[in-house]
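Read off the chains here:
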Amino acid sequence: MGHLTPGLPLVVRLAGRLVVAVGGGPVTARRVRAFVDEGADVRVVSPWVCEDVLDLVREGRLEWQAREYAGAADLDGAWLVHTATGDVLVDRRVAADAQSLRIWCVDATDAASTTASVPARATVELPDGPVTVAAYAGGDPGLATVVRDAVEDGLRRGALPLRRTRPRPDGLGWVALVGGGPGTDGLLTARGHELLAGADVVVVDRLAPRALVERLPAGVRVIDVGKTPGHHPVPQEAINAILVEEAQRGLGVVRLKGGDPFVLGRGGEERAACEAHGIPVEVVPGVTSAIAVPAAAGIPVTHRGVARGFTVVTGHDDIPTLPTGGDHTVVLLMGITRLARTAELLVLHGRDPETPVAVIERGFAPTQRTTIGTLSTIAALAAERGVQAPAVVVVGDVVRLATPQDEPA
Ligand code: SAH
């Protein structure tokens, strides 16, 4: 003998259709918000309503008739009825009237005989639109919620596949520029995981979280455009063209980049290339190596009483004049090849030659290494220790806060 009421989950389109909700308490509030979000025309019949319903009334998103339920005429024209008055007799009457009019009715107080139920739901918004999973355990909404939460957790972590199985009707895909963080998979955002789970193609950088890419299912095409310093296997123009062409073929493309797409990452150019071709682009920020790699070495880029601000700048070209005060941190990306010249310029521009400098190689990798010197010594030290890219250079008194590390043998 089962104790959970069986039933068939059904997806209904409420947009532009009348839903009548009898009652004005918190259960009604939760449900009518969902109906309104679907675009339904919602009418609430109740002598009083709670604050959450009142908010929707004030926003002009639903109609409130402030009176007692009067009978079947109140349900006239409705596609769906919801009753949660707190008075079982009234709810029974509403349900019976709906029944005689053959309108589906959610009776919140009668799980056993309600003709319709609202399942617990989890929704992921993909560039293509929402994917919704419904959980229903008739008569035990708590159980449905627990199941829903577990599914939702899997969706947020990108643990559940979200790839389309049918071609997009307009044949146009999408591009997401996803900041992958500084190379370790734990620092990719939840949104990044969701989009990866929905991608048909992943275009990946050398400094992006590679471990994640290796775990992608076999059906996902990975295009490696990884750059090494002084050696650019795929020029930026060609990367832009790949993004545009794959999306034009109707595929969902994640461009997985190291750090943040908009911090010395040419994400702006990639976005512009897509937009120029009418391709929808979403930009997902990432944890930038400019802040995270110093942090991995124990260095805060600002610190009360030590540094009030910081500048992130490429060390690839002659660096511009920057604030020279001791309370300002300079963070250099791509700064290894020209480290000697950069240190010299910082001193020429007025920075104290004794300013501490840290070079952190391979942040978050097991082989992460920090080299500490001053503006006058760092170039020679780095050369002596064979420092290599990728590395972040930090200039400023905050370097004194670095975690002491054991000298490598
Ligand atoms: N958009 C990226 C930066 C791209 S430029 C971001 O926001 O992090 C590439 C430079 O980033 C490298 O030359 C190096 O200076 C730095 N970098 C990125 N990941 C790094 C890591 N794990 N360890 C050290 N430096 C890193």
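Residues numbered from 1 in each chain as written. Predicted model: local features only at pLDDT ≥ 70, side-chain atom pairs only at ≥ 80, totals over all residues. Heavy atoms only, no water.

### Considering the site of the ligand
Going by this rule: Here a residue is considered near a molecule or strand provided that any single heavy atom belonging to it is located within 4 Å of it. Residues adjacent in sequence count toward polar contacts only when both atoms are side-chain atoms; beyond that, a polar contact is any pair of N or O atoms within 3.5 Å, and within protein one must be able to donate a hydrogen and the other to accept it. Elements are defined by DSSP. Helices are runs of H or I of four residues or more, strands are runs of E of two residues or more, and each kind is numbered from the N terminus. For the domain bounds, the source is a domain assignment made automatically or taken from a database.
Neighbouring residues of the ligand: 19 residues in total, closest Val 263, Thr 288, Ser 289, Gly 363 and Ala 391. At a separation of 2.6 Å, an oxygen atom of the ligand approaches a polar side-chain atom of Ser 289. Put simply, the parts of the chain that give the shell around the ligand at least two residues each are α9 (289-296) and β17 (391-395). The two domains that each donate at least three residues to the shell around the ligand are domain 3 (174-287) and domain 4 (291-401).

### Overview of the sheet that holds strand β16 (residues 369-374)
Note the threshold: Strand pairing requires that DSSP identify at least two bridges connecting the strands. Here, axes are lines fitted to C-alpha atoms. For helices the fit covers the stretch in contact, and angles between N-to-C directions go from 0 to 180 degrees.
Read across the sheet, five strands follow the order β13-β14-β17-β15-β16 without closing on themselves; strand pairing throughout is mixed. The sheet is open, and its two borders are formed by β13 (309-314) and β16, each paired with just one other strand. Averaged over all pairs of adjacent strands, the angle between their axes in this sheet comes to 20°, without regard to strand direction. Here strand β15 (residues 356-361) pairs with β16 via six bridges, running antiparallel. By the bridge assignment for β16, Ala 358 is matched with Ile 372.

### A few points about helix α7 (residues 236-248)
The test is simple: A helix is expected to reach a length of 1.5 Å times the quantity of its residues less one. Whether two residues are in contact is decided by their heavy atoms, any of which lying within 4.5 Å being enough.
With 13 residues, α7 extends 18 Å between its outermost C-alpha atoms, agreeing within 8% with the 18 Å of an ideal straight helix rising 1.5 Å per residue. In this structure, the buried side of α7 is in contact with β8 (174-179), β9 (201-204), β10 (221-224), β11 (252-257) and α8 (267-276). One or two positions beyond α7, positive phi appears at Gly 250, with a value near 90°.

### Let's talk about the packing of helix α1 (residues 26-37) against helix α2 (residues 51-58)
Filter applied, for reference: Nonpolar residues are Ala, Val, Leu, Ile, Met, Phe, Trp, Tyr, Cys and Pro. Charged residues are Asp, Glu, Lys and Arg, and all others, Gly as well, are polar.
Contact geometry for α1 and α2: axes closest at 8 Å, N-to-C directions at 35°. Between α1 and α2, the residues in contact are Ala 29, Val 32 and Arg 33 and Asp 52, Val 53 and Leu 56, respectively. For the contact of α1 with α2, the per-class residue count stands at four nonpolar, no polar and two charged.

### Here we look at the environment of Asp 76
Which entries qualify depends on this criterion: Each residue is placed in one exposure class: buried if its accessible area under a 1.4 Å probe, protein chains only, is under 20% of its type's maximum, exposed if it is over 50%, and partly exposed if it falls in between.
Its place among the elements puts Asp 76 in the loop between β3 (63-65) and β4 (80-83). By relative accessible area, Asp 76 is classed as exposed at 59%. Taking the C-alpha atoms as reference points, Asp 76 and Val 20, 56 residues apart in sequence, are found 8.9 Å from one another. Once residues lying within four places of it in the same chain are set aside, the contact partners of Asp 76 are Leu 18 and Arg 43.

### Examining the domain arrangement of the protein chain
Split by domain assignment, the protein chain resolves into domain 1 (18-118), domain 2 (121-156), domain 3 (174-287) and domain 4 (291-401). Computed over C-alpha atoms, the centres of domain 1 and domain 3 are 46 Å apart.

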